[in-house]
Amino acid sequence: AVGATPAGTLTCQDPQKTVESVWISVPGSALQAEGLEKVRSHGRWWKQIADAIEREYRNSLGHASNSFKDLQDRMQEERTKTAKLCQKSVEHVLTREQSIALHDDLIQAFLDKNFQTRLAASWAAAKGDKTKEQKCKRELCLPFQLPIMEKYGFERSEKGVFKCLWSIRTT
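Residues numbered from 1 in each chain as written. Predicted model: local features only at pLDDT ≥ 70, side-chain atom pairs only at ≥ 80, totals over all residues. Heavy atoms only, no water.

From N to C terminus, the chain includes 7 helices and 3 strands. Along the chain, helices and strands appear, N-terminal first, in the series β-β-β-α-α-α-α-α-α-α. In the chain, which comprises 171 residues, the share counted as buried stands at 30%. In the chain, the share of contacts with a sequence separation of at least 24, taken over all contacts with a separation of at least 6, comes to 40%. Total accessible area on the chain stands at roughly 11,800 Å², and carbon and sulfur atoms take up 55% of it. (Helix = DSSP H or I, 4+ residues; strand = E, 2+ residues; numbered from the N terminus. Buried < 20%, exposed > 50% of the residue type's maximum accessible area, 1.4 Å probe, protein only. Contact = heavy atoms within 4.5 Å. Areas by Shrake-Rupley, 256 points an atom, 1.4 Å probe, with all protein chains shown as cover.)

See below:
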C-alpha cells in the first residue's frame, strides 16, 4: 500500500519491498524535486506514482484529476491479470496445509550441514557476483528439492520446481 502522510512523506508498506519514507512536500509549499527523484529511483511503478503526484500538484485549475486513481487501478488490473495467468498455468494444486508441509520439508532439507557448507563455499567463491550466486544456489538446491517435489506430486525436475512455485502462489 502506498500513502501520503499528512507530514508530506511518501511511504510504502509493501511486504516484498521496504522503501524509506521520502519527503515530497511541505503543506502549502512546492514539491521537493529531490524527494520526487528518490521516489522515481525505486522502479517503474514508483516513477509512475511520482509522475502522478507531480501532475496533481501542477494542476493549475485546482481541480483534482483521476491520474493517481487511474494509476492505482491499472496497477491492480495488472496484478489481477498476472494472478489469473498463474492460476491457468497451474496443473497441480496444493492445499494450504500441503503448501505449509512442503515448506517445512524444504526448510529441513536446507538445514542439512552438508548443504549449508557447500552453499557458503559457493557464495564465497562468487565474490559478490549476484549472477554466480544465483547459479550456485540453483545448482545446489535442486538435488535437495527434487525428492520433495516428487513427494508432493510434481515432476522430479527443475520444471517441477517452477510448477510447484506457481501452485503455491495460487494457493
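The discussion continues.
Right, let's talk about unusual backbone geometry for a bit. The phi dihedral of Lys-127 is positive, around 50°, even though this residue is not glycine. Locating Lys-127 in the fold gives a position in the loop between α5 (113-126) and α6 (130-151). Residue classification places Lys-127 among the exposed positions, given a relative accessible area of 73%.

The next subject is the packing of aromatic side chains. Going through the model one piece at a time under the given rule, you end up with 2 aromatic pairs. Between the aromatic rings of Phe-110 and Phe-115, the centroid separation amounts to 4.9 Å while the plane-to-plane angle is 35°, which identifies the pairing as tilted. Considering the side-chain rings of Phe-115 and Phe-144, the 5.0 Å spacing of their centres and the 70° angle between planes classify their relative orientation as edge-to-face. Within this pair, whereas Phe-115 is found in helix α5, its partner Phe-144 is found in helix α6, the two being separated by 29 residues in sequence. Neither Phe-115 nor Phe-144 differs from the other in exposure class; each is buried. Members of the aromatic cluster, connected to one another through ring pairs, are Phe-110, Phe-115 and Phe-144. (Phe/Tyr/Trp six-rings, centres within 6.5 Å; stacked < 30°, edge-to-face > 60°.)

Looking at where Gln-145 falls in the secondary structure, it is placed in helix α6. Excluding residues within four positions of it along the chain, Gln-145 makes contact with Leu-106, Phe-110 and Val-161.

A complete count under the given rule lists 8 salt bridges for this structure. Two residues, Asp-51 and Lys-47, come together in a salt bridge whose shortest N-O distance is 2.8 Å. Here Asp-51 and its partner Lys-47 are both found in helix α2 (residues 44-58), 4 residues apart, which amounts to about one turn of the helix. A single network of salt bridges, built from pairs that share partners, joins Glu-37, Arg-40, Lys-47 and Asp-51. (Salt bridge = Lys/Arg side-chain N within 4 Å of Asp/Glu carboxyl O.)

A few words now on the nonpolar core. Core analysis: the largest hydrophobic core is formed by 17 residues, its most contacted members being Leu-102, Ile-148 and Met-149. Looking at this core, the elements with two or more residues in it are α4 (96-110), α5, α6 and α7 (158-169). The leading source of residues in this core is α6, at 6 residues. For Ile-148, the contacting residues outside a window of four places in its chain are Leu-102, Asp-105, Leu-106 and Ala-109. (Core = buried A, V, L, I, M, F, W, Y, C linked by side-chain atoms within 4.5 Å.)

The periodicity of an α-helix, 3.6 residues per turn, causes residues three or four positions apart to be oriented the same way. Buried residues of helix α1 (residues 33-40): Gly-35, Leu-36, Val-39 and Arg-40, and no others. Buried residues of α1 fall within an arc of 140° about the axis and therefore sit on the same side. Exposed positions of α1 whose direction lies more than 90 degrees from the buried face are Ala-33 and Glu-34. (Arc of directions from axis to C-beta.)

A word on the packing of α6 against α7. Interaxial distance between α6 and α7 falls to 9 Å at its minimum, and their mutual angle equals 75°. Put simply, α6 runs roughly perpendicular to α7. Along its contact with α6, which presents Arg-138, Leu-142, Gln-145, Leu-146 and Met-149, the element α7 presents Glu-158, Gly-160, Val-161 and Cys-164. (Axes fitted to C-alpha atoms, helices over the stretch in contact; angles between N-to-C directions. Parallel < 35°, antiparallel > 145°, perpendicular 65-115°, else oblique.)

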